[in-house]
Amino acid sequence: MFKSDYFDNMGLADIRDKVMNGERLSPDDGLRLFSCPEPLAVGALAHHVRTRLHGDKAFYVINQHVNYTNVCVNGCVFCAYQREEGQKGGFVLTGDDILARIDEAALAPREIHIVGGCHPRLPLSYFEEILAAIKERHPQVVLKCFTAVEIAHFAKLGNTTTREVLTRLKAVGLDMLPGGGAEIFKTEIREQLCPRKSTADEWLAVHEEAHTLGLKTNCTMLFGHIESHADRIDHLVRLRESQDRGGGYTCFIPLPFLTENSQLVIDNPLTGLEELRTIAVSRLMLDNIPHIKAYWVMLGVKQAQAALKFGADDFDGTVVEEKIGHEAGATSQQGMTRGELEAMIRGCGCTPVERDGYFNEV
(Lines give C-alpha, C1' and ligand atoms only; values in the text may rest on other atoms or scores of the structure.)
Protein backbone atom coordinates (compact mmCIF):
# COMPACT_ATOMS: atom_id res chain seq x y z
CA MET A 1 0.00 0.00 0.00
CA PHE A 2 2.75 2.45 0.94
CA LYS A 3 4.54 2.08 -2.42
CA SER A 4 1.47 2.46 -4.59
CA ASP A 5 -0.30 5.61 -5.74
CA TYR A 6 -2.84 5.16 -2.94
CA PHE A 7 -1.58 8.16 -0.96
CA ASP A 8 -0.63 10.14 -4.06
CA ASN A 9 -4.25 10.12 -5.21
CA MET A 10 -5.32 11.68 -1.92
CA GLY A 11 -2.60 14.33 -1.94
CA LEU A 12 -0.74 12.72 0.96
CA ALA A 13 2.38 11.52 -0.84
CA ASP A 14 4.63 13.99 0.99
CA ILE A 15 3.14 13.06 4.37
CA ARG A 16 3.60 9.38 3.58
CA ASP A 17 7.25 10.07 2.75
CA LYS A 18 7.77 11.96 6.01
CA VAL A 19 6.23 9.09 7.97
CA MET A 20 8.34 6.51 6.17
CA ASN A 21 11.49 8.57 6.86
CA GLY A 22 10.63 9.25 10.50
CA GLU A 23 10.35 13.01 9.94
CA ARG A 24 8.27 15.33 12.10
CA LEU A 25 4.88 16.35 10.73
CA SER A 26 3.88 20.01 10.67
CA PRO A 27 0.59 21.43 11.99
CA ASP A 28 -0.54 21.80 8.37
CA ASP A 29 0.21 18.12 7.81
CA GLY A 30 -2.00 17.30 10.78
CA LEU A 31 -4.89 19.34 9.40
CA ARG A 32 -4.56 17.61 6.04
CA LEU A 33 -4.77 14.24 7.77
CA PHE A 34 -8.00 15.35 9.45
CA SER A 35 -9.45 16.46 6.11
CA CYS A 36 -8.37 13.34 4.19
CA PRO A 37 -11.50 11.67 2.76
CA GLU A 38 -10.21 8.20 3.65
CA PRO A 39 -9.66 7.65 7.41
CA LEU A 40 -8.26 4.18 6.71
CA ALA A 41 -5.30 5.80 4.96
CA VAL A 42 -4.57 7.88 8.05
CA GLY A 43 -4.96 4.77 10.16
CA ALA A 44 -2.51 2.84 7.99
CA LEU A 45 0.17 5.50 8.46
CA ALA A 46 -0.40 5.55 12.22
CA HIS A 47 -0.29 1.77 12.42
CA HIS A 48 3.02 1.82 10.58
CA VAL A 49 4.47 4.17 13.23
CA ARG A 50 2.97 2.15 16.06
CA THR A 51 4.45 -1.05 14.62
CA ARG A 52 7.84 0.59 14.11
CA LEU A 53 7.87 1.57 17.78
CA HIS A 54 6.30 -1.47 19.42
CA GLY A 55 5.87 -4.28 16.89
CA ASP A 56 2.64 -6.17 17.51
CA LYS A 57 2.78 -5.66 21.28
CA ALA A 58 -0.25 -4.23 23.06
CA PHE A 59 0.40 -3.34 26.67
CA TYR A 60 -1.87 -3.69 29.67
CA VAL A 61 -1.49 -3.25 33.42
CA ILE A 62 -3.02 -4.71 36.56
CA ASN A 63 -4.27 -1.42 37.95
CA GLN A 64 -6.97 0.11 40.08
CA HIS A 65 -8.77 3.43 39.87
CA VAL A 66 -9.89 5.21 43.03
CA ASN A 67 -11.93 8.43 42.90
CA TYR A 68 -11.74 9.97 46.37
CA THR A 69 -14.45 12.64 45.93
CA ASN A 70 -16.83 14.10 43.40
CA VAL A 71 -17.13 17.40 45.26
CA CYS A 72 -15.46 20.05 43.12
CA VAL A 73 -15.30 23.83 43.03
CA ASN A 74 -14.64 24.06 39.29
CA GLY A 75 -18.11 23.24 37.93
CA CYS A 76 -16.96 22.50 34.38
CA VAL A 77 -19.84 22.63 31.87
CA PHE A 78 -19.06 19.23 30.36
CA CYS A 79 -18.62 17.32 33.65
CA ALA A 80 -21.32 14.86 34.71
CA TYR A 81 -19.29 13.71 37.75
CA GLN A 82 -19.07 16.95 39.77
CA ARG A 83 -21.23 17.77 42.81
CA GLU A 84 -21.31 20.82 45.04
CA GLU A 85 -20.44 20.40 48.71
CA GLY A 86 -23.60 19.29 50.50
CA GLN A 87 -25.37 18.33 47.29
CA LYS A 88 -27.15 14.97 47.16
CA GLY A 89 -24.85 12.34 45.73
CA GLY A 90 -21.66 14.06 46.83
CA PHE A 91 -19.10 11.92 48.62
CA VAL A 92 -15.63 11.98 50.15
CA LEU A 93 -13.73 8.76 50.89
CA THR A 94 -11.72 8.41 54.05
CA GLY A 95 -8.22 7.00 54.00
CA ASP A 96 -9.61 3.75 55.42
CA ASP A 97 -12.21 3.63 52.62
CA ILE A 98 -9.47 3.91 50.01
CA LEU A 99 -7.25 1.29 51.64
CA ALA A 100 -10.19 -1.09 51.95
CA ARG A 101 -10.98 -0.79 48.24
CA ILE A 102 -7.38 -1.54 47.33
CA ASP A 103 -7.19 -4.47 49.74
CA GLU A 104 -10.42 -5.93 48.33
CA ALA A 105 -9.12 -6.03 44.73
CA ALA A 106 -8.97 -9.50 43.20
CA LEU A 107 -5.38 -8.91 42.03
CA ALA A 108 -2.71 -6.86 43.76
CA PRO A 109 -2.34 -3.78 41.52
CA ARG A 110 0.95 -2.73 39.97
CA GLU A 111 -0.45 0.77 39.43
CA ILE A 112 -2.98 2.75 41.46
CA HIS A 113 -4.66 5.72 39.80
CA ILE A 114 -6.15 8.22 42.26
CA VAL A 115 -7.98 11.36 41.14
CA GLY A 116 -11.00 13.34 42.28
CA GLY A 117 -12.70 16.69 42.30
CA CYS A 118 -11.12 19.86 43.66
CA HIS A 119 -12.69 19.72 47.10
CA PRO A 120 -12.81 23.11 48.88
CA ARG A 121 -11.58 21.84 52.26
CA LEU A 122 -9.40 18.72 51.97
CA PRO A 123 -5.89 19.65 53.17
CA LEU A 124 -2.68 18.36 51.64
CA SER A 125 -2.09 16.28 54.77
CA TYR A 126 -5.16 14.16 53.88
CA PHE A 127 -3.45 13.12 50.65
CA GLU A 128 -0.02 12.70 52.21
CA GLU A 129 -1.41 10.30 54.80
CA ILE A 130 -3.24 8.27 52.16
CA LEU A 131 -0.22 7.90 49.87
CA ALA A 132 2.07 7.01 52.76
CA ALA A 133 -0.37 4.35 53.98
CA ILE A 134 -0.71 2.80 50.52
CA LYS A 135 3.06 2.71 50.03
CA GLU A 136 3.53 1.08 53.41
CA ARG A 137 1.17 -1.75 52.43
CA HIS A 138 2.14 -1.94 48.76
CA PRO A 139 5.75 -0.68 48.44
CA GLN A 140 6.16 -1.88 44.85
CA VAL A 141 3.03 -0.24 43.45
CA VAL A 142 3.33 2.79 41.14
CA LEU A 143 1.18 5.59 42.54
CA LYS A 144 -0.19 7.66 39.66
CA CYS A 145 -2.21 10.31 41.44
CA PHE A 146 -3.71 13.79 41.09
CA THR A 147 -4.08 15.77 37.89
CA ALA A 148 -2.19 19.01 37.36
CA VAL A 149 -5.47 20.80 38.13
CA GLU A 150 -5.65 19.08 41.52
CA ILE A 151 -2.00 19.90 42.24
CA ALA A 152 -2.67 23.58 41.52
CA HIS A 153 -5.77 23.44 43.72
CA PHE A 154 -3.82 21.90 46.62
CA ALA A 155 -1.25 24.68 46.30
CA LYS A 156 -3.92 27.38 46.33
CA LEU A 157 -5.66 25.90 49.39
CA GLY A 158 -2.35 25.60 51.24
CA ASN A 159 -1.04 29.01 50.16
CA THR A 160 2.08 27.40 48.75
CA THR A 161 3.63 26.56 45.39
CA THR A 162 2.88 23.66 43.07
CA ARG A 163 6.54 22.67 43.33
CA GLU A 164 6.24 22.40 47.10
CA VAL A 165 3.08 20.29 46.73
CA LEU A 166 4.77 17.95 44.26
CA THR A 167 7.86 17.69 46.46
CA ARG A 168 5.82 16.80 49.54
CA LEU A 169 3.70 14.24 47.70
CA LYS A 170 6.76 12.66 46.11
CA ALA A 171 8.31 12.30 49.55
CA VAL A 172 5.40 10.10 50.69
CA GLY A 173 5.21 7.94 47.57
CA LEU A 174 3.87 9.80 44.53
CA ASP A 175 5.46 8.32 41.39
CA MET A 176 3.52 9.78 38.47
CA LEU A 177 0.83 12.27 37.50
CA PRO A 178 -2.10 11.16 35.35
CA GLY A 179 -2.97 13.29 32.36
CA GLY A 180 -6.41 14.60 33.23
CA GLY A 181 -7.45 18.23 33.26
CA ALA A 182 -5.84 19.09 29.94
CA GLU A 183 -9.18 19.06 28.08
CA ILE A 184 -8.43 21.34 25.08
CA PHE A 185 -5.69 23.94 25.43
CA LYS A 186 -7.21 26.63 23.20
CA THR A 187 -8.08 29.56 25.49
CA GLU A 188 -11.38 30.45 23.81
CA ILE A 189 -12.63 26.87 24.10
CA ARG A 190 -11.39 26.50 27.66
CA GLU A 191 -13.23 29.66 28.71
CA GLN A 192 -16.48 28.09 27.54
CA LEU A 193 -15.88 24.59 28.94
CA CYS A 194 -13.99 25.08 32.19
CA PRO A 195 -13.40 28.78 33.00
CA ARG A 196 -12.53 28.08 36.66
CA LYS A 197 -10.01 25.36 35.91
CA SER A 198 -6.25 25.84 35.50
CA THR A 199 -5.26 27.43 32.20
CA ALA A 200 -3.35 25.48 29.56
CA ASP A 201 -0.12 27.24 30.51
CA GLU A 202 -0.65 26.36 34.17
CA TRP A 203 -1.39 22.72 33.31
CA LEU A 204 1.76 22.46 31.21
CA ALA A 205 3.85 24.20 33.86
CA VAL A 206 2.82 21.69 36.55
CA HIS A 207 3.73 18.76 34.31
CA GLU A 208 7.07 20.25 33.35
CA GLU A 209 7.75 20.98 37.01
CA ALA A 210 6.95 17.36 37.84
CA HIS A 211 9.38 16.22 35.14
CA THR A 212 12.20 18.30 36.66
CA LEU A 213 11.53 16.52 39.98
CA GLY A 214 11.90 13.13 38.31
CA LEU A 215 8.19 12.33 38.14
CA LYS A 216 6.80 10.80 34.96
CA THR A 217 3.40 11.97 33.74
CA ASN A 218 0.71 11.14 31.23
CA CYS A 219 -1.17 13.63 29.07
CA THR A 220 -4.66 13.75 27.59
CA MET A 221 -6.96 15.53 25.17
CA LEU A 222 -10.75 15.66 25.51
CA PHE A 223 -12.13 15.87 21.98
CA GLY A 224 -15.46 15.81 20.18
CA HIS A 225 -17.26 18.73 21.82
CA ILE A 226 -16.99 22.35 20.56
CA GLU A 227 -13.38 22.28 19.41
CA SER A 228 -12.22 22.29 15.78
CA HIS A 229 -9.65 20.09 14.09
CA ALA A 230 -7.27 23.05 14.29
CA ASP A 231 -7.80 23.16 18.07
CA ARG A 232 -6.92 19.47 18.30
CA ILE A 233 -3.74 20.00 16.31
CA ASP A 234 -2.82 23.02 18.43
CA HIS A 235 -3.25 20.86 21.53
CA LEU A 236 -1.08 18.06 20.16
CA VAL A 237 1.65 20.44 19.03
CA ARG A 238 1.78 22.10 22.45
CA LEU A 239 2.19 18.70 24.10
CA ARG A 240 4.92 17.83 21.61
CA GLU A 241 6.72 21.10 22.33
CA SER A 242 6.41 20.50 26.07
CA GLN A 243 7.97 17.06 25.64
CA ASP A 244 10.79 18.63 23.61
CA ARG A 245 11.56 20.91 26.54
CA GLY A 246 12.62 18.09 28.80
CA GLY A 247 10.66 14.89 28.40
CA GLY A 248 8.68 13.07 31.03
CA TYR A 249 5.42 12.29 29.25
CA THR A 250 5.03 8.52 29.08
CA CYS A 251 1.67 8.07 27.43
CA PHE A 252 -0.97 10.15 25.63
CA ILE A 253 -4.64 9.34 26.20
CA PRO A 254 -7.18 10.68 23.67
CA LEU A 255 -10.53 10.91 25.47
CA PRO A 256 -13.74 11.09 23.41
CA PHE A 257 -16.35 13.40 24.87
CA LEU A 258 -19.36 11.44 26.13
CA THR A 259 -22.58 13.40 25.70
CA GLU A 260 -25.20 11.38 27.54
CA ASN A 261 -25.23 13.06 30.96
CA SER A 262 -23.52 16.34 30.15
CA GLN A 263 -25.04 19.81 30.28
CA LEU A 264 -23.11 20.54 27.09
CA VAL A 265 -25.31 19.88 24.06
CA ILE A 266 -23.42 18.75 20.95
CA ASP A 267 -25.07 19.03 17.53
CA ASN A 268 -22.75 16.56 15.81
CA PRO A 269 -21.50 13.89 18.23
CA LEU A 270 -18.38 11.94 17.35
CA THR A 271 -18.61 9.08 14.92
CA GLY A 272 -16.58 5.94 15.47
CA LEU A 273 -14.36 6.72 12.49
CA GLU A 274 -13.69 10.24 13.76
CA GLU A 275 -12.58 8.79 17.09
CA LEU A 276 -10.21 6.42 15.31
CA ARG A 277 -8.90 9.14 13.00
CA THR A 278 -8.14 11.37 16.01
CA ILE A 279 -6.22 8.54 17.67
CA ALA A 280 -4.27 7.98 14.44
CA VAL A 281 -3.45 11.67 13.99
CA SER A 282 -2.30 11.78 17.61
CA ARG A 283 0.13 8.93 16.99
CA LEU A 284 1.49 10.66 13.90
CA MET A 285 1.87 14.11 15.48
CA LEU A 286 3.26 13.02 18.87
CA ASP A 287 6.52 11.61 17.57
CA ASN A 288 8.27 12.10 20.93
CA ILE A 289 5.69 10.51 23.24
CA PRO A 290 6.24 6.76 23.24
CA HIS A 291 2.76 5.37 23.96
CA ILE A 292 -0.82 6.04 22.89
CA LYS A 293 -3.58 4.59 25.04
CA ALA A 294 -6.79 3.02 23.78
CA TYR A 295 -8.74 3.75 26.95
CA TRP A 296 -11.42 1.07 26.78
CA VAL A 297 -13.48 2.66 29.55
CA MET A 298 -14.28 5.71 27.40
CA LEU A 299 -14.00 4.18 23.93
CA GLY A 300 -15.79 0.92 24.67
CA VAL A 301 -13.96 -2.36 24.35
CA LYS A 302 -14.62 -2.99 20.66
CA GLN A 303 -13.58 0.52 19.65
CA ALA A 304 -10.46 0.20 21.80
CA GLN A 305 -9.61 -2.99 19.93
CA ALA A 306 -9.95 -1.13 16.63
CA ALA A 307 -7.74 1.66 18.01
CA LEU A 308 -4.88 -0.83 18.31
CA LYS A 309 -4.88 -0.81 14.49
CA PHE A 310 -5.04 3.01 14.35
CA GLY A 311 -1.88 3.87 16.26
CA ALA A 312 -2.64 2.94 19.87
CA ASP A 313 -0.43 0.41 21.67
CA ASP A 314 -1.77 0.42 25.24
CA PHE A 315 -5.09 -1.08 26.37
CA ASP A 316 -4.93 0.36 29.90
CA GLY A 317 -5.81 -2.23 32.52
CA THR A 318 -8.13 -3.95 34.93
CA VAL A 319 -9.37 -0.61 36.42
CA VAL A 320 -11.77 -2.41 38.89
CA GLU A 321 -14.04 0.61 39.42
CA GLU A 322 -14.31 3.81 37.40
CA LYS A 323 -16.74 6.62 38.18
CA ILE A 324 -15.93 9.70 36.09
CA GLY A 325 -16.43 8.22 32.61
CA HIS A 326 -19.43 6.18 33.68
CA GLU A 327 -21.13 9.23 35.22
CA ALA A 328 -20.71 10.83 31.78
CA GLY A 329 -22.42 7.91 30.06
CA ALA A 330 -19.75 5.29 29.42
CA THR A 331 -21.42 1.92 28.83
CA SER A 332 -18.31 -0.22 29.28
CA GLN A 333 -18.07 -2.56 32.22
CA GLN A 334 -16.45 -1.30 35.41
CA GLY A 335 -13.41 -3.55 35.24
CA MET A 336 -11.82 -6.43 33.37
CA THR A 337 -9.77 -9.43 34.42
CA ARG A 338 -6.29 -10.18 33.14
CA GLY A 339 -7.76 -12.99 31.04
CA GLU A 340 -10.37 -10.72 29.49
CA LEU A 341 -7.78 -8.07 28.65
CA GLU A 342 -5.47 -10.59 27.01
CA ALA A 343 -8.34 -12.13 25.04
CA MET A 344 -9.41 -8.71 23.75
CA ILE A 345 -5.86 -7.92 22.67
CA ARG A 346 -5.32 -11.27 20.97
CA GLY A 347 -8.70 -10.91 19.30
CA CYS A 348 -7.40 -8.07 17.15
CA GLY A 349 -4.13 -9.74 16.22
CA CYS A 350 -1.82 -8.20 18.81
CA THR A 351 0.38 -9.80 21.45
CA PRO A 352 -0.61 -8.90 25.02
CA VAL A 353 2.27 -7.68 27.18
CA GLU A 354 1.77 -6.99 30.87
CA ARG A 355 3.53 -3.84 32.11
CA ASP A 356 3.98 -1.79 35.22
CA GLY A 357 3.09 1.88 35.59
CA TYR A 358 6.30 2.97 33.85
CA PHE A 359 5.77 0.62 30.88
CA ASN A 360 8.44 -1.77 32.04
CA GLU A 361 7.46 -5.21 30.77
CA VAL A 362 6.56 -7.66 33.54
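Residues numbered from 1 in each chain as written. Predicted model: local features only at pLDDT ≥ 70, side-chain atom pairs only at ≥ 80, totals over all residues. Heavy atoms only, no water.

### Here's the deal with helix 7 (residues 162-171)
- Listed as buried for helix 7 are Thr162, Val165, Leu166 and Leu169. Seen from one end, helix 7 has its buried residues packed into an arc of 95°, which puts them on one side.
- Those residues of helix 7 that are buried lie in contact with helix 5 (124-137), helix 6 (148-157), strand 5 (176-177) and helix 9 (200-212). (Buried < 20%, exposed > 50% of the residue type's maximum accessible area, 1.4 Å probe, protein only. Helix = DSSP H or I, 4+ residues; strand = E, 2+ residues; numbered from the N terminus. Arc of directions from axis to C-beta. Contact = heavy atoms within 4.5 Å.)

### Points about the packing of aromatic side chains
- Counted under the stated rule, the structure contains 11 aromatic pairs.
- Between the aromatic rings of phenylalanine 127 and phenylalanine 146, the centroid separation amounts to 5.1 Å while the plane-to-plane angle is 80°, which identifies the pairing as edge-to-face. With a gap of 19 residues between them, phenylalanine 127 in helix 5 and phenylalanine 146 in the loop between strand 4 (142-145) and helix 6 connect regions that are remote in the sequence.
- Taking the relative accessible area as the measure of exposure, phenylalanine 146 reaches 1% and is therefore buried.
- Every member of this aromatic cluster is reached through a ring pair, and the members are Tyr68, Tyr126, Phe127, Phe146 and Phe154.
- The residue whose ring lies beneath arginine 355 is phenylalanine 359, and the NZ or CZ to ring-centre distance is 4.0 Å. (Phe/Tyr/Trp six-rings, centres within 6.5 Å; stacked < 30°, edge-to-face > 60°. Lys NZ or Arg CZ within 6 Å of the ring centre and 35° of its normal.)

### Brief notes about the confidence of the model for the protein
- Per-chain confidence: the protein averages 92 in pLDDT, with 93% of residues scoring 70 or above.
- Contacts from residues 321-332, a stretch scored under 50 in pLDDT, to residues over four places away or in other chains number 39 contacts. (pLDDT = per-residue confidence, 0-100.)

### Brief notes about the side chain of glutamate 354
- One can find glutamate 354 in strand 10 (residues 351-355).
- At a separation of 3.3 Å, a polar atom in the side chain of glutamate 354 contacts the side chain of arginine 338.
- In contact with glutamate 354, not counting residues within four places along its chain, are Tyr60, Ile62, Arg110, Arg338, Asn360, Glu361 and Val362. (Polar contact = N/O pair within 3.5 Å; in protein donor to acceptor, adjacent residues only side chain to side chain.)

### Details of the pairing of strand 7 (residues 249-256)
- For strand 7, the buried fraction is high: 8 of the 8 residues fall into the buried class.
- Judged from the 7 bridges that link them, strand 6 (residues 216-223) and strand 7 form a sheet pairing that is parallel. Each bridged residue has a counterpart across the sheet, and for cysteine 219 the counterpart in strand 7 is phenylalanine 252.
- Each parallel crossover has a hand, and the one from strand 6 via helix 10 (residues 229-244) to strand 7 is right-handed. (Pairing = 2+ DSSP bridges. Right-handed = clockwise from strand over helix to strand, strands pointing away.)

### Side note on the nonpolar core
- Counting 110 residues, the largest nonpolar core has Ile134, Phe146, Leu169 and Trp203 as the members making the most contacts within it.
- Sequence-distant contacts of isoleucine 134, that is, excluding residues within four places in its chain, are made with Ile98, Leu99, Ile102, Ile112, Ile114, Val141 and Leu143. (Core = buried A, V, L, I, M, F, W, Y, C linked by side-chain atoms within 4.5 Å.)

### Some points on the layout of surface pockets
- One number sums up the size of the second largest pocket: a volume of about 200 Å³.
- Lining the second largest pocket we find Val73, Asn74, Cys118, Val149, Ala152, His153, Lys156, Leu157, Arg196, Lys197, Ser198 and Glu202.
- Tallying contributions element by element places helix 6 first for the lining of the second largest pocket, with 5 residues.
- Classifying every residue of the lining of the second largest pocket by side-chain character gives 5 nonpolar, 3 polar and 4 charged. (1 Å grid on protein atoms, 1.4 Å probe; cavity = no way out; pocket = protein on both sides within 12 Å on 5 of 7 lines; lining within 4 Å. Points joined across faces, edges and corners; volume = space filled by probe spheres on them. Nonpolar A, V, L, I, M, F, W, Y, C, P; charged D, E, K, R; others polar.)

### Some details on the side chain of glutamate 275
- Topologically, glutamate 275 is positioned in helix 11 (residues 272-285).
- Setting aside chain neighbours within four positions, we find glutamate 275 in contact with Phe223, Pro256, Leu270, Leu299 and Gln303.

### With respect to the environment of glutamate 191
- Along the chain, glutamate 191 falls in helix 8 (residues 187-193).
- The exposure class assigned to glutamate 191 is exposed, which follows from its relative accessible area of 53%.
- Between the alpha carbons of glutamate 191 and cysteine 76 there is a distance of 9.9 Å; along the sequence they are 115 residues apart.

### Concerning the pattern of salt bridges
- Using the criterion set out here, one finds 28 salt bridges in the structure.
- The residue arginine 277 makes a salt bridge to glutamate 274 at a minimum N-O spacing of 3.8 Å. Note that arginine 277 and glutamate 274 are positioned in helix 11 at a spacing of 3 residues, about one turn of the helix. Just as arginine 277 is buried, glutamate 274 falls in that class too.
- The salt bridge involving lysine 293 is made with aspartate 314; its shortest N-O contact spans 2.5 Å. Remark: aspartate 314 occurs in strand 9 (residues 314-317) and lysine 293 occurs in the loop between strand 8 (291-292) and helix 12 (296-299); sequence separation between them is 21 residues. In this pair, the class of lysine 293 matches that of aspartate 314, namely buried.
- Through salt bridges with shared partners, a single network forms among Glu111, Lys144, Lys293, Asp314, Asp316 and Arg355. (Salt bridge = Lys/Arg side-chain N within 4 Å of Asp/Glu carboxyl O.)

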